Number of protein chains: 2
Amino acid sequence: MSFAITKENIDQLRNLVSENKTEEVAALVKDLHPADIAEIMDDLNTDEAKFIYLLLEGEIASDVLVEIDEDARKRFLKVLPPEFIASKFIEFMDSDDAADIVAELDEEVQKEVLNEIEDIEQAGDIVDLLEYDEDSAGGIMAKELVTVNENWTVATCLKEISKQAEEVDEIFYIYVIDNDEKLKGLLSLKKLILNPTNTQISNIYDPEIKMVNTDARQEEVAEIMDKYDLVAIPVVDDIGRLKGRITFDDVIDIVREEAEKDYQMVSGITGDVEPGDKIWEVMRARIPWLFIGLLGGILGAVVLGSHEESLAKVTELAFFIPLIAAMAGNVGVQSSSIVVQSIASGVKDIETPSRKLFKEVSIALLTASIFAVLIFLYNYIASGNMALTYSVALSLFIVIIFASLFGTVIPLILNRFKIDPALATGPFITTMNDILGLMIYLLIGKMFFGIL
Amino acid sequence: MSFAITKENIDQLRNLVSENKTEEVAALVKDLHPADIAEIMDDLNTDEAKFIYLLLEGEIASDVLVEIDEDARKRFLKVLPPEFIASKFIEFMDSDDAADIVAELDEEVQKEVLNEIEDIEQAGDIVDLLEYDEDSAGGIMAKELVTVNENWTVATCLKEISKQAEEVDEIFYIYVIDNDEKLKGLLSLKKLILNPTNTQISNIYDPEIKMVNTDARQEEVAEIMDKYDLVAIPVVDDIGRLKGRITFDDVIDIVREEAEKDYQMVSGITGDVEPGDKIWEVMRARIPWLFIGLLGGILGAVVLGSHEESLAKVTELAFFIPLIAAMAGNVGVQSSSIVVQSIASGVKDIETPSRKLFKEVSIALLTASIFAVLIFLYNYIASGNMALTYSVALSLFIVIIFASLFGTVIPLILNRFKIDPALATGPFITTMNDILGLMIYLLIGKMFFGIL
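Residues numbered from 1 in each chain as written. Chains lettered and ligands numbered in written order. Predicted model: local features only at pLDDT ≥ 70, side-chain atom pairs only at ≥ 80, totals over all residues. Heavy atoms only, no water.

Chemist: Would you mind going over the pattern of salt bridges with me for this structure?
Modeler: Pairs can form between side chains of opposite charge once their charged atoms are near each other. Scanning all chains against the criterion turns up 26 salt bridges over all chains. A salt bridge links A:Glu48 to A:Arg14; the nearest nitrogen and oxygen atoms lie 3.2 Å apart. Separated by 34 residues along the polypeptide, A:Glu48 in helix 4 (residues 46-53) and A:Arg14 in helix 1 (residues 7-18) bring together distant segments of the chain. A relative accessible area of 26% places A:Arg14 in the partly exposed class. The residue B:Arg241 makes a salt bridge to B:Asp237 at a minimum N-O spacing of 2.9 Å. (Salt bridge = Lys/Arg side-chain N within 4 Å of Asp/Glu carboxyl O. Helix = DSSP H or I, 4+ residues; strand = E, 2+ residues; numbered from the N terminus. Buried < 20%, exposed > 50% of the residue type's maximum accessible area, 1.4 Å probe, protein only.)

Chemist: I would appreciate a short explanation of the confidence of the model for chain A in the present structure.
Modeler: Low-pLDDT portions of the prediction should not be read for the details of their coordinates. When pLDDT is averaged along chain A, the result is 88, and 96% of the positions lie at 70 or above. Taking the mean pLDDT of every element in chain A, the minimum, 78, falls on helix 13 (residues 189-194) of chain A and the maximum, 96, on strand 4 (residues 212-213) of chain A. (pLDDT = per-residue confidence, 0-100.)

Chemist: Where do I start with the relation of the copies chain B and chain A in this structure?
Modeler: Both copies of the chain are placed relative to one another by a rotation about an axis and a shift along it. Relative to chain A, chain B is turned by 180° and slid 0.0 Å along the rotation axis, the superposed coordinates differing by an RMSD of 0.1 Å. The operation mapping one copy onto its partner corresponds to a two-fold rotation axis. (Least-squares fit on C-alpha atoms with pLDDT ≥ 70 in both.)

Chemist: Quick question: what am I supposed to make of the domain arrangement of chain A here?
Modeler: Much of the literature gives interface size as the accessible area that the parts lose upon coming together. Per the domain assignment, the segments of chain A are domain 1 (7-132), domain 2 (147-255) and domain 3 (279-448). For domain 1 of chain A versus domain 2 of chain A, the separation of C-alpha centres amounts to 30 Å. (Domains from an automatic or database assignment.)

Chemist: Sorry if this is basic, but what is going on with the nonpolar core here?
Modeler: The tendency in soluble globular proteins is for nonpolar side chains to be buried as a group. In terms of nonpolar packing, the biggest core is built from 144 residues, with A:Tyr53, A:Phe89, A:Ile90, B:Tyr53, B:Phe89 and B:Ile90 touching the most fellow members. Beyond its immediate stretch of four places on either side in the chain, A:Phe89 contacts A:Tyr53, A:Ala61, A:Ser62, A:Leu65, A:Phe76, A:Leu77, A:Leu80 and A:Phe84. Of all hydrophobic cores here, the second largest spans 71 residues; its members include A:Leu317, B:Leu290, B:Met327 and B:Ala368. (Core = buried A, V, L, I, M, F, W, Y, C linked by side-chain atoms within 4.5 Å. Contact = heavy atoms within 4.5 Å.)

Chemist: Help me understand the environment of B:Lys278 in this model?
Modeler: With respect to the element layout, B:Lys278 can be found in the loop between helix 16 (248-267) and helix 17 (279-305). Spatially, the C-alpha atom of B:Lys278 lies 35 Å from that of B:Ala328, the residues being 50 residues apart in sequence.

Chemist: Looking at this structure, I do not really get the interface of chain B and chain A. What am I missing?
Modeler: Each partner contributes residues to the interface: chain B has 114 residues there, and chain A has 114 residues. Summing both sides of the interface, chain B and chain A together bury roughly 10400 Å²; the carbon and sulfur share of this comes to 68%. Counting every contact that joins chain B to chain A gives six salt bridges. Put simply, B:Lys227 and A:Glu39 hold a salt bridge, and the shortest N to O gap is 2.5 Å. The interface formed by chain B and chain A contains 18 residue pairs in polar contact (both at pLDDT 80 or more). (Buried area = accessible area lost by both parts, 1.4 Å probe. Polar contact = N/O pair within 3.5 Å; in protein donor to acceptor, adjacent residues only side chain to side chain.)

Chemist: Honestly, the sheet that holds strand 3 (residues 183-188) of chain B in this entry has me stumped. Any pointers?
Modeler: Adjacent strands of a sheet form backbone hydrogen bonds with each other and so pair up, either parallel or antiparallel. Residues and elements named next belong to chain B. Read across the open sheet, the three strands follow the order 1-2-3; overall the sheet is mixed. The open sheet has two edge strands with one neighbour each: strand 1 (147-149) and strand 3. Across the sheet, the mean angle from the axis of one strand to that of its neighbour is 35°, orientation sign disregarded. (Pairing = 2+ DSSP bridges. Axes fitted to C-alpha atoms, helices over the stretch in contact; angles between N-to-C directions.)

Chemist: When you look at the packing of aromatic side chains in this model, what are you seeing that I'm missing?
Modeler: Aromatic rings considered in pairs are described by the distance between their centres and by the relative angle of their planes. Applying the stated rule across the entire model yields 15 aromatic pairs over all chains. Their ring planes at 75° and their centres at 5.6 Å tell us that B:Tyr53 and B:Phe89 sit as a pair that is edge-to-face. Note that B:Tyr53 is positioned in helix 4 (residues 46-53) and B:Phe89 in helix 7 (residues 82-89), a separation of 36 residues in sequence. Here B:Tyr53 and B:Phe89 have matching classes, each one buried. Chaining the aromatic ring pairs together yields one cluster made of A:Tyr53, A:Phe76, A:Phe84 and A:Phe89. Seen from the ring of B:Tyr228, B:Lys210 lies directly overhead, with NZ or CZ sitting 4.1 Å from the centre. (Phe/Tyr/Trp six-rings, centres within 6.5 Å; stacked < 30°, edge-to-face > 60°. Lys NZ or Arg CZ within 6 Å of the ring centre and 35° of its normal.)

Chemist: Can you walk me through the pairing of strand 2 (residues 173-177) of chain A in this structure?
Modeler: The two faces of a sheet get side chains in turn, since along a regular strand they alternate between them. Residue and element names in this part refer to chain A. With respect to burial, strand 2 is a largely interior element, five of its five residues being buried. Where burial is concerned, the two faces of strand 2 agree: the one with Tyr173, Tyr175 and Ile177 and the one with Ile174 and Val176 are both buried. Where strand 1 (residues 147-149) meets strand 2, three bridges bridge the pair, whose relative direction is parallel. Within the sheet, the bridge partner assigned to Asn149 lies in strand 2 and is Ile177. Summarising the sheet, strand 2 and strand 3 (residues 183-188) pair through five bridges and their orientation is antiparallel. Note on strand 3: the bridge partner recorded for Tyr173 is Ser188.

What follows is the structure, encoded as structure tokens:
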């Protein structure tokens, strides 16, 4: 009960494990919530985690397995025989978690595990769920739900619910279906409690129900549930038959994942990096974007190298290279992340394309003017070199406009081609803007210094 | 019912509004969900929105008000008399929404509105909630909940719940308290339905309950609810008395807000930018960070200017300025956003500081070595200028290490001083790394070219 997850306690636990003190470890772990046990497991090595696993029973063991880190789980399941995975874990899980975990296994192991599941209904549910795309509503829904027929009375319902409720963790809503299994509406537990037992369900259920199709994208599902504050949403097939339900905890995960993905992209990190990660895992996430940055830098060097003579003649031009590059990068990232966020937020956008373009162009022009004037004033006062003053100000003006427009247009194009628009916020676009900015700057500089 | 939110439909609605066709507008809006009406309102101007508002009734009007954009709401409430706000909106709202909206009003208006509320219990709840810090559990909880006494039977409960349930939208959990209002545990509706009516509550409630103190930070609340997949969590005061509850929809909002805040910071945007925003609103969000970038660029120009002679002698040095600056910036942002994300994820980190430092230093050294070798090879092959080859490679090595360490340490320091660590991911640190990188590069370059 009072086992707090601190370094000292974990070390103590490790010691007990290394001394093979089964009883003490079991006593420590026994009263913990599966989510806490999973958190502890993530801090242990595979052998230590396995020691603790063998002490867990039934539903707790399977709940812990669902909660632990995906990499750790894969490593762990690799060493277990299929019948053990089936009987000790999969049998106890909700169908959605079970399907997710089966999907993580190698193809042959998948089949073996599925064949070892004794509860044939559970096995069937998992096979059904595996059919759906993993990012679709069908892929994240669970098959466990409580349904009642519209023709039943409250009394019949209460009896039937008692039976069905056993395998459903939380009821949330009771779904009302007709004789063809088509979803008609929902019945809140509140209504069920507050109505006399002989009331017919068709008289008290709420037909105004939000539902999604099995094909709906998970982001869309999250959007609807968030917008209407739904604890759970039913999933139906193309002819309206109830197939499963998605609960709020899945939505929180989707929102978090989406946000993290975009955040990593804009920070130039590939994939998830977590506090406990190994050095090579962190390196693997960081190297790719840095490599793109390096190539960009080399390209920049080539561009500057091709203007060597001009730079040798007018050294001052070099001074403002970092300014031009930085402004181009910053403006580009701002523009593209605004677009990415507005795509991600899913707010329906009723601005017409022409109005949107007008707005973007106005913002670009205004921003460019403000900063061109500021840098003009600075150079005018600080250096008095008029060719330099004009070159830097005019280049900055043009570079900001280009960077804004690229930053806005590129994520929109990516999105149109079903590529993640967040790609445009990464170092890729910054690098591109850097180089373009340099080229514009050198060209204009040469013009004003009369060395074109 | 079938009113879809498209540009055409909104335009049609606007026309009806401008022609004062009250009945047609009312018919269109009548069957919409408040969240949909709010979405439409956000696309209309204040007068049009007001026209529609006056057609809404009771709870729907107040639900819509809760859902619309904060800026629009403030503008709208400014033109309404306090008694209207109280009687038409606040009376119908859940206490948490009511408190949020009252908090948005000017101080004098707040008092007037509070005094106009007829339901004295509601007014009292709002006053209580306003006492709490708005980012604390107390500040986001609602006072509406269903409680039962541990000494009651299932039958008494069902009767009491019928009474209490009227003002609670969704029950989720029934909280069990003792005679001192101290929270003892919870009772699921499932248990209540599945047990005989003469069962005493003390025999069937679940004492293993997660709760938070009114002082808990909202991020902490979100973390706990997410970790344990809770639909709602009870909030207690220092002596364990039940004060309110927080529901999953608040958590989704918190997760989303936090993620957006961090995302905006790393993209160099101040505050929220939404698709419908006015040009000046977007400008206001973008100018500040760009201004910092400009200052950084000017500082960079000053640094380069102070090395004018060397640059004039060795023009090639200028070629790699963008590369050094870009790599410094990218590495810095990567490091700091990894730290920010690990702080935000709230995963308890059991790595010791010395282990963490070792890991960071290793990653920095490895990354620096890889890229120093790559750029060394490039320059060795492409230019053959050995002084340049050594300068760029060695500078890049040192710059990557500095940028990694700054990127890691600065957000940790900010966090220690209770400043948002995400500040370190913004253009601020990139700019700093740029300039530091330039200084290191020029110094090393001069050394190798023998012009120090």
